[in-house]
Amino acid sequence: MNIARLKSDPEIFYSLQGEGAQVGTPAVFLRLAGCNLSCTWCDTKHSWGAGLELPVADVARRLQEYTCRHLVITGGEPLLQQAELEQLLELLPPDYVVEVETNGTVEPSRALRQRVDWWNVSPKLRHSGNDAGAALCFDALETFAEMPNVWFKFVVQGEADWRDIDALELPLHQIMLMPCAATRAELAAARPAVAEMCLQHGVRLGERLHLVLWDTKKGV
Ligand code: SF4
């Protein structure tokens with residue numbers, strides 16, 4: 001499977017989950033290479049290109065070198081490698097808690113739906129710079145909306161974004177809004193307005209703990 005490269009190493013690391021409902025949870029992160037979108041503000045552009053091709057069994061072995069049994073699979077867009085992900089999760093012991101972070105453009109397979117514990121689905125809005133036809137896949141979002149273990153995380157720049165979010169008709173109790181920010185300072189400046197949006201629309205405020213703790217540092 002194709003793993004994002006951080007310098008010369010595959011991007012597998014131990015940290016705290018920075019976003020989503022499991023924020024603050026110690027986790028091993030596996031970042032897969034390749035994405036089908038190209039968000040202008042993407043903070044993991046290094047994952048877009050060719051990564052390191054590793055056998056699935058090798059990835060499973062590397063993950064199990066950590067004692068932590070909470071795995072976050074991220075990207076890039078991890079669901080571009082569904083077959084490899086299914087193989088990987090079959091190789092890991094069943095006590096692993098598995099989260100997948102996806103942009104919501106690819107429907108997850110039945111096998112992944114059955115095995116993954118938490119889905120962090122982050123559909124991209126107009127300000128991402130993607131063509132709306134590519135960024136929003138309504139069939140995939142409908143599938144995710146029928147699953148109870150999904151959070152829809154929207155990066156927002158302001159109230160104008162709500163109209164596009166509302167039009168998707170997703171369950172409000174599974175929506176969280178996160179400020180669009182690339183640095184700790186930008187996050188602090190943007191958060192109050194997003195908190196107001198959350199109060200107004202009755203949805204959850206999403207944290208970006210990795211920016212709070214580590215600012216722009218990669219691989220943490
Ligand atoms: S979908 Fe995610 S990984 Fe892909 S370009 Fe957008 S922010 Fe980056």
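Peer 1: I keep staring at the overall build of the protein and nothing clicks. Help me out?
Peer 2: Helix and strand counts for the protein stand at eight helices and twelve strands. For the protein, the C-alpha radius of gyration of 17 Å lies close to 17 Å, the compact-globule estimate for 220 residues. Seen through its principal axes, the protein has C-alpha atoms that stretch 45 × 35 × 30 Å. The proportion of buried residues among the 220 residues of the protein is 52%. A fraction of 68% describes how many contacts in the protein between residues 6 or more apart in sequence connect residues 24 or more apart. Looking at the protein as shown, the accessible area adds up to about 10100 Å², and 52% of this sits on carbon and sulfur atoms.

Peer 1: What am I meant to see in helix H5 (residues 138-145) here?
Peer 2: Each turn of an α-helix holds 3.6 residues, which means side chains three or four residues apart point in the same direction. Turning to H5, its buried residues number three or more, namely Ala140, Leu141, Thr143 and Phe144. Taken around the axis of H5, the buried residues stretch over an arc of 155 degrees, which confines them to a single face. Turned more than 90 degrees from where H5 packs its buried face, Phe138 and Asp139 sit exposed. Buried-residue contacts for H5 involve strand S8 (97-102), helix H3 (110-115), strand S9 (118-121) and strand S10 (150-156).

Peer 1: I would appreciate a short explanation of the state of the cysteines in the present structure.
Peer 2: Defined simply, a disulfide is a covalent bond joining two cysteines at their sulfur atoms. All told, the structure shown has zero disulfides when counted by the stated rule. Sulfur of Cys180: no disulfide; nearest cysteine sulfur belongs to Cys39 and is 9.5 Å away. Owing to a relative accessible area of 22%, Cys180 belongs among the partly exposed residues under this scheme.

Peer 1: I'm lost on the site of the ligand in this one. Help?
Peer 2: Residues in close proximity to the ligand include Cys35, Leu37, Ser38, Cys39, Cys42, Thr44, Trp48, Gly76, Asn103 and Lys124, which together make up its full environment. By residue class, the composition of the shell around the ligand is five nonpolar, four polar and one charged.

Peer 1: What should I look at first to understand the environment of Phe154 in this one?
Peer 2: Relative to the helices and strands, Phe154 resides in strand S10. Judged by relative accessible area, which is 0%, Phe154 ranks as buried. Sequence separation between Phe154 and Glu107 is 47 residues; the distance between their C-alpha atoms is 18 Å.

Criteria and thresholds
- Residues numbered from 1 in each chain as written.
- Predicted model: local features only at pLDDT ≥ 70, side-chain atom pairs only at ≥ 80, totals over all residues.
- Heavy atoms only, no water.
- Helix = DSSP H or I, 4+ residues; strand = E, 2+ residues; numbered from the N terminus.
- Rg over C-alpha atoms; globule rule 2.2 N^0.38 Å.
- Buried < 20%, exposed > 50% of the residue type's maximum accessible area, 1.4 Å probe, protein only.
- Contact = heavy atoms within 4.5 Å.
- Areas by Shrake-Rupley, 256 points an atom, 1.4 Å probe, with all protein chains shown as cover.
- Arc of directions from axis to C-beta.
- Disulfide = S-S within 2.5 Å.
- Near = heavy atom within 4 Å.
- Nonpolar A, V, L, I, M, F, W, Y, C, P; charged D, E, K, R; others polar.

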